[in-house]
Structure formats: C-alpha cells, structure tokens
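# Observations on the three-dimensional arrangement
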Amino acid sequence: VQEEKIFAGKVLRLHVCTMEGAEWLEEVPEDTTVEKLKERCLKHCVPGSLEDPKTVTHHKLIHATSEKVLTDTKTVLEENIQDRDVLLLIKKRAPPPLPKMAEVSAEEKRKQEQKAPDKDAILKATANLPSRNVDRTVAHHNMRDFQTELRKILVSLIEVAQKLLALNPDAVELFKKANAMLDEDEEDRVDEIALRQLTEMGFPESRAVKALRLNHMSVTQAMEWLIEHADDPTVDAPLPGQTPSEATAEAGASSAEATAGPSSEAGGEEAKDELTEIFKKIRRKREFRPDPRAVIALMEMGFDEKEVVDALRVNNNQQNAACEWLLGDRKPSPEDLDKGIDTNSPLFQAILENPVVQLGLTNPKTLLAFEDMLENPLNSTQWMNDPETGPVMLQISRIFQTLNRT
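I will try to describe carefully the structure that is included in this document. None of the values given here were measured: they were computed from a predicted structure.

Right, let's get into the overall build of the protein. Helix and strand counts for the protein stand at 20 helices and five strands. A total of 406 residues make up the protein; the buried ones form 33% of that total. Partitioning the intrachain contacts of the protein with sequence separation of at least 6 by distance along the chain shows that 59% fall at a separation of at least 24. Total accessible area on the protein stands at roughly 26,300 Å², and carbon and sulfur atoms take up 53% of it.

What follows is the structure, encoded as structure tokens:
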C-alpha cells in the first residue's frame with residue numbers, strides 16, 4: 001500500500017456548476033487547495049484552457065450555500081467545504097479599460113467647470129457691486145409687522161364670521177355645544193393627581209394650585225417652590241394678570257343668560273341677543289393669559305404689572321421680546337392689536353373671495369379657532385392640523401404670502 005494513500009485526507013464529492021449550464025462531480029481530498037480544484041474544474045469544462053496561465057486567475061469558485069468566494073491559497077478543509085456541497089465556477093469580470101488621455105482631460109475640464117467658486121473668485125466677481133448691510137432690527141421689525149397684519153386679518157374675519165353665523169337658525173345651539181367643549185378644555189384645570197400629591201404632603205390646596213401653575217404641573221418643581229416661599233407674605237396672592245374669581249362670576253352670569261330660551265313673542269331678537277352673549281362668553285374664555293413666570297421676572301426688573309402684561313400680550317408671551325418692547329418704542333401698542341384690516345384692501349378682498357375661506361366662515365369651529373389664535377398665537381399649530389380649520393388657515397396664509405411678494 002502506498003504511503004500517500006494511507007495518510008491521505010478524506011475524499012469529498014463536490015457538485016460543480018458553470019454559468020453555461022455544465023454540471024459534474026469532482027472527487028478531491030480535503031487537503032486540496034482551491035487553486036488546484038479550480039484547475040481540475042477548468043480542465044473538465046474548458047479543455048486546453050490551462051495553456052494560458054491567466055485562465056486560472058480569471059475564474060473563481062463560489063460556495064453556493066454561503067455565497068462565499070473561495071480563496072485560492074486555502075484548502076478545501078480550511079474553507080469548511082463539506083461532502084456533496086455545490087460550487088459555482090464563474091469567470092471574473094474583466095476590469096474596465098483605462099481611460100485615454102483625451103478622455104481624462106475632458107473629464108477634468110468638466111469637473112473644473114462644475115466646481116463652485118472659491119472665496120477669491122467671489123470677491124473678484126463682486127468687487128464692483130455696491131455694498132449693502134442688512135439691518136437686523138429692520139428684519140425683526142418686518143417679522144413683527146407680519147404678525148400684526150395677520151392679527152388684523154383675524155380680527156376682521158371674526159366680525160364677518162359672526163355676521164354669517166347669526167343668519168344660521170341653528171347658530172345658538174351650535175355655539176352652546178361649542179361652549180360646552182370649551183368648558184371641558186379650560187386651561188385653568190389643574191392635574192388632580194399632582195394636586196393630591198402636594199396636599200397629602202400638607203400644603204394648602206390653593207397654594208398647591210398656584211405652585212403647579214407656576215411650574216407647568218411639575219410636582220417636584222412645585223414642591224421646591226412651596227418650600228422656598230413658605231415664609232413669603234405674598235405666597236397666597238393671586239397670580240399676576242389673572243383674576244379667577246371675576247372670570248368665574250362673569251362665566252356664571254353669561255351661562256345663566258345663555259340658558260334662557262327665546263320667547264315666542266320676540267324670538268328672533270332674543271335669539272340674536274343670546275348669540276351675542278355667547279360670542280362675549282367665548283371671547284372672555286379666550287382672554288390673554290400671561291405667563292406667570294415671565295410676569296414675575298419682568299416685574300422684578302422694575303416694570304409695572306399692567307405694562308408687563310401688555311408687553312407679553314403684544315409679544316405672544318415671549319419674555320425676551322417683551323423686555324425689548326418695554327425698553328424700546330413699544331410698537332405696536334396693545335390698542336393696535338384690536339384693530340382689524342382695511343376691509344376694502346386687495347388682501348382682505350382676496351381672502352373673502354376664496355371658496356375654502358367662504359365655506360369655513362360658516363363653521364362655528366372656525367370662529368372658535370380665530371378667537372383662540374387671536375389671544376393665544378402659540379395655538380396656531382393645533383388649528384393648522386385640524387381637518388376642519390386647517391384648510392382655511394392654509395388658504396389665508398397662502399393668499400397673504402402671495403400678495404406680499406408682489
């Protein structure tokens with residue numbers, strides 16, 4: 001018996017396939033290198049091909065199951081090939097030909113043409129242009145003018161919507177339902193769980209309510225505030241800019257008036273009066289509520305409470321902008337916020353002629369949205385995403401921006 005046969009490795013039967021569809025079995029010891037296996041395969045499927053030494057390097061063997069390209073220098077055992085595994089013999093793709101010098105030059109030229117100019121080139125090209133400095137205060141003023149103009153539009157649209165809705169015989173019932181929705185969504189509501197946690201710690205309920213409102217319903221921050229102001233003589237004073245007792249009394253009076261049904265003798269007039277009272281009640285519910293923290297911070301700078309509330313109202317509860325307004329020319333004034341747009345202006349006429357806006361003005365929810373955005377501009381996103389009021393707001397915004405570009 002020959003020595004090499006005694007110590008020879010295990011013989012594997014491998015199923016080999018080519019891209020042309022040829023198939024056969026190769027029996028090789030497991031210590032055979034992949035390169036030797038590849039030579040055997042090439043002899044089988046491409047007779048005489050081994051005369052060209054490049055033929056072996058131009059082909060590769062792939063393990064069909066793992067899709068792994070086998071390394072020429074490794075053995076079949078090292079590549080973890082098992083008996084009856086399937087291998088693919090594939091010709092490698094030829095590398096792309098090197099580009100000619102003319103093609104390289106053309107490509108470089110194209111890249112140079114598409115290259116963005118550097119700083120020196122920009123300075124050279126703009127050397128003869130007149131210099132202009134953008135005034136940041138002017139840009140800020142233009143943004144403020146935009147907000148003021150939009151507010152004027154809302155004020156005038158509210159008047160139009162009220163007149164249109166007053167013609168609807170079901171308007172009173174519609175607004176009673178709308179009022180009920182507002183009652184369920186009052187901003188003065190306090191998180192009951194948070195309030196109970198503070199009262200169980202021994203804090204008075206009224207003081208705990210104030211602490212939660214000042215600290216955005218955070219129990220931890222409210223507790224720290226209560227401890228810090230335990231000996232403060234003004235700790236139980238109402239929050240600046242808020243008079244809940246008066247608001248409650250007004251709401252109760254309005255509710256009593258709203259529940260009184262129209263008599264048969266003067267039903268039309270009483271229904272109209274009732275609708276007017278409902279409009280007033282909605283407006284009272286949507287009254288501006290200054291951020292208590294911002295009020296306190298600005299009052300600590302020495303400003304009077306009334307002017308601080310005015311500043312926050314003009315600047316949408318933004319403390320920094322309110323501070324600039326107080327230190328500046330105080331334009332626009334709080335009185336300007338209640339003025340509507342010129343009803344004969346092209347902008348307002350274009351808004352009223354839009355079919356989407358016309359249809360929206362007959363919906364009580366649109367009026368509620370306008371009232372809310374008028375006093376709480378930060379709620380605009382909520383109404384823009386509403387399926388009923390969103391399309392109306394989108395059309396108003398588009399018309400405003402289109403006419404202001406021309």
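In this section: the packing of helix H14 (residues 305-314) against helix H15 (residues 319-327). Between H14 and H15, whose axes approach to 8 Å, the crossing angle comes to 120°. Relative to H15, H14 is oriented oblique. With respect to the hand of their crossing, H14 and H15 are arranged in right-handed fashion. Note on element contacts: H15 touches H14 through Gln319, Ala322, Trp325 and Leu326, opposite Glu307, Val308, Asp310, Ala311, Leu312 and Val314. For the contact of H14 with H15, the class distribution of residues is seven nonpolar, one polar and two charged.

This part takes up the pairing of strand S1 (residues 11-18). Here S1 runs beside strand S2 (residues 23-29); their pairing, made up of seven bridges, is antiparallel. Bridge pairing links Cys17 to Glu23 in S2. Two successive antiparallel strands, S1 and S2, enclose a turn made up of four residues, where Gly21 displays a positive phi of approximately 105°. Across four bridges, S1 lies against strand S5 (residues 86-91) in parallel orientation. Along S5, the bridge assignment pairs Cys17 with Leu88.

Turning our attention to the sheet that holds S2. Taken together, the five strands give an open sheet; going across it, the order is S2-S1-S5-S3-S4, and neighbouring strands pair in mixed fashion. Either end of the sheet is taken by a strand with one partner, and the two such strands are S2 and strand S4 (68-69). The sheet strands contacting helix H2 (residues 34-45) are S1, S2, strand S3 (59-63) and S5, and the helix crosses S2 at an angle near 145°.

This brings us to helix H8 (residues 192-200). Every α-helix winds through 3.6 residues per turn, so residues three or four apart in the chain are directed the same way. Residues Ala194, Leu195 and Leu198 constitute the buried set of H8. One side of H8 carries all its buried residues, which in axial view fall inside an arc of 100°. For H8, the exposed residues lying more than 90 degrees away from the buried face are Glu192, Ile193 and Glu200. Against the buried residues of H8 lie helix H9 (205-214) and helix H10 (219-228). Where H8 terminates, the next one or two residues include Gly202, which has phi positive at roughly 105°.

Once that is clear, we can look at unusual backbone geometry. Of note, Glu67 is a non-glycine position whose phi angle comes to about 60°, a positive value. With respect to the helices and strands, Glu67 occurs in the loop between S3 and S4.

Every buried residue belonging to helix H13 (residues 292-299) is among Pro292, Ala294, Val295 and Leu298, and all of these are buried. The buried residues of H13 all sit within an arc of 165° when viewed along its axis, so they share a single face. Those residues of H13 that are buried lie in contact with H9, H14 and H15. Put simply, Asp291 is the residue that caps the front of H13, since its side-chain oxygen is 3.2 Å from the backbone nitrogen of Arg293.

About the criteria used
- Residues numbered from 1 in each chain as written.
- Predicted model: local features only at pLDDT ≥ 70, side-chain atom pairs only at ≥ 80, totals over all residues.
- Heavy atoms only, no water.
- Helix = DSSP H or I, 4+ residues; strand = E, 2+ residues; numbered from the N terminus.
- Buried < 20%, exposed > 50% of the residue type's maximum accessible area, 1.4 Å probe, protein only.
- Contact = heavy atoms within 4.5 Å.
- Areas by Shrake-Rupley, 256 points an atom, 1.4 Å probe, with all protein chains shown as cover.
- Axes fitted to C-alpha atoms, helices over the stretch in contact; angles between N-to-C directions.
- Parallel < 35°, antiparallel > 145°, perpendicular 65-115°, else oblique.
- Left-handed = near helix turned anticlockwise from the far one by under 90°.
- Nonpolar A, V, L, I, M, F, W, Y, C, P; charged D, E, K, R; others polar.
- Pairing = 2+ DSSP bridges.
- Arc of directions from axis to C-beta.
- Polar contact = N/O pair within 3.5 Å; in protein donor to acceptor, adjacent residues only side chain to side chain.

By themselves, these figures tell us nothing about what the structure is for.
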